[in-house]
Amino acid sequence: MENAALKLFKKSDRENKGFIVKRDMQRMKDEIMLPPEQLEIVFDTLDKKKNGYLTLDQFLKGFREYLFITSTDDNNAHQYLEETEIKNDFNEELNHTLNLVKETNVLKTSADELEYITEQIKNGTTCDISHWEVFLRDLNHDLQTYKNANHKLEKLIRQKDSQHQLYVKKIFEEIEQQMKDEKRKKECYEQTQKRIKEELKQLRAELSTKDEFLQQLSYECKELKQQMIKLKKKEEETSLLNSELMSQQVYYENELEAERLKREHIQNLLDNARRRFSIEKSQCFKEGFDLARRVVHVQEEGLLQQYQMLKDIQHVLEDT
């Protein structure tokens, strides 16, 4: 029999996990001729620890018990399975209720007594009245403690709620003040931006005017450069003319000096002639002297005119 059970377990445990779950149990429905619902009931019956899985030992032990029940009486086996299922369901509900009570953390001193009474109920034994009295006394103490703690908690919650409302009110006031400050900052920023835009517009207009002025200056500079070039060219021409005039001045000065020398020579000649012809008649001397004086006078006037003309040319050059 154990070999057959071992084969069934191995067939169900295809992954070689060492245990089977409800889904694996369905793989042996053809061998033991049970519907899926019954297989689940069998699995729950064999899984006494409620782990959700069956090891090989648990399966073999439960298989032997199952075979014993089926060999005795099929009806009794079915009744036994139903009773076991009901008992397991009751125990499961009882454990679930006990866990819920423990999770509430209300029962402190009575928790152990309640767990003891629960175990007695699951085992089907009668619980002594003294345990119920102790449980009820501890339960009353736990409930009173819970009530006091709940009252303190409600009071603390009200205090916290009042503090929270004050804090929220303060937060809202701060947020409102911040919003006002932000609005004022935004208005200041918008005014600043508007002023900056106006200043930028004004600066652009001034820049445009200055650009036009610079363009005008540039144009005037070009004209001045051209005028400077013309003046420079004219200055060069004037310099050349001045050089020529200076040359002419030197030439005329040389001519004037030559005329002066001639005059002196003539004067010397006249003096010599005067000494030579001093014995001549006064009339001839007078006529000759007058003739010489007129000649000299004519020549002197010509030289003076030339000299005056050179001075006028020099003044003209200096003025330009």
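Computed from a predicted structure; not experimentally measured.

What counts and what doesn't
Residues numbered from 1 in each chain as written. Predicted model: local features only at pLDDT ≥ 70, side-chain atom pairs only at ≥ 80, totals over all residues. Heavy atoms only, no water. Helix = DSSP H or I, 4+ residues; strand = E, 2+ residues; numbered from the N terminus. Buried < 20%, exposed > 50% of the residue type's maximum accessible area, 1.4 Å probe, protein only. Contact = heavy atoms within 4.5 Å. Areas by Shrake-Rupley, 256 points an atom, 1.4 Å probe, with all protein chains shown as cover. Core = buried A, V, L, I, M, F, W, Y, C linked by side-chain atoms within 4.5 Å. Lys, Arg positive; Asp, Glu negative; His and termini not counted. Salt bridge = Lys/Arg side-chain N within 4 Å of Asp/Glu carboxyl O. Patch = residues over 30% accessible without salt bridge, like charges linked within 9 Å, V, L, I, M, F, W, Y side chains within 5 Å. Polar contact = N/O pair within 3.5 Å; in protein donor to acceptor, adjacent residues only side chain to side chain.

J.: Hey, could you run me through the overall build of the chain in this one?
T.: Along the backbone of the chain there are 9 helices and 2 strands. A burial count over the chain gives 17% of its 320 residues as buried. Nonlocal contacts in the chain, meaning residues at least 24 apart in sequence, comprise 51% of its contacts between residues at least 6 apart. In the structure as shown, the chain presents an accessible area of about 25,800 Å², 55% of it carried by carbon and sulfur atoms.

J.: Would you mind showing me how to read the nonpolar core here?
T.: Taken as a class, soluble globular proteins show a tendency for nonpolar side chains to be buried jointly. By size, the foremost hydrophobic cluster in this structure holds 15 residues, and its most contacted members are Ile-20, Met-25, Met-28, Leu-46 and Phe-59. Listed by contribution, the elements that provide at least two residues to this core are α1 (2-12), α4 (36-46) and α5 (56-72). The biggest single contributor to this core is α4, with 4 residues. Among residues more than four places away in sequence, those in contact with Phe-59 are Ala-5, Leu-8, Phe-9, Ile-20, Met-25, Met-28 and Leu-46.

J.: Sorry if this is basic, but what is going on with the side chain of Asp-47 here?
T.: Its place among the elements puts Asp-47 in the loop between α4 and β2 (54-55). Although Asp-47 is buried, it makes no salt bridge; Lys-50 carries the closest opposite charge, 6.1 Å away.

J.: Mind showing me how you'd approach a nonpolar patch on the surface here?
T.: On the surface, Leu-153, Leu-156 and Ile-157 cluster together into a nonpolar patch covering about 260 Å² of accessible area. Tracing the backbone shows Leu-153 in helix α8 (residues 129-276). Accessibility expressed as a relative area gives 45% for Leu-153, which makes it partly exposed.

J.: In this structure, what is going on with the pattern of salt bridges? I would like to understand it.
T.: Two side chains carrying opposite charge are able to pair once their charged atoms lie near each other. Within this structure, the stated rule accounts for 11 salt bridges. The shortest N-O distance in the salt bridge between Glu-264 and Arg-260 comes to 2.3 Å. Placement of both Glu-264 and Arg-260 in helix α8 is noted, with a separation of 4 residues, approximately one turn of the helix. Taking relative accessible area as the criterion, Glu-264 reaches 37% and is therefore assigned partly exposed. Each member of the salt-bridge network shares a partner with another, and the members are Asp-13, Glu-15, Lys-17, Asp-24 and Arg-27.

J.: What is the right way to look at the environment of His-297 in this model?
T.: Among the secondary structure elements, His-297 is positioned in helix α9 (residues 282-319). Residue classification places His-297 among the partly exposed positions, given a relative accessible area of 43%. A polar contact of 2.4 Å, which involves the side chain of His-297, links it to the side chain of Glu-301.

J.: Is there a simple way to think about unusual backbone geometry in this case?
T.: A negative phi angle is the norm for most residues apart from glycine, just as the trans form is the norm for most peptide bonds. Residues other than glycine seldom take positive phi values, yet Asn-16 does so here, at roughly 60°. Structurally, Asn-16 can be placed in the loop between α1 and β1 (19-20). With phi around 60°, Lys-50 is a residue other than glycine that occupies positive phi space. Mapped onto the elements, Lys-50 comes out in the loop between α4 and β2.

J.: Mind showing me how you'd approach the environment of Lys-48 here?
T.: Along the chain, Lys-48 turns up in the loop between α4 and β2. The exposure class of Lys-48 is exposed, given its relative accessible area of 58%.

J.: How should I be thinking about the environment of Leu-8 in this particular structure?
T.: Mapped onto the secondary structure, Leu-8 falls in helix α1. Separated by 52 residues in sequence, Leu-8 and Leu-60 have C-alpha atoms that sit 9.9 Å apart.

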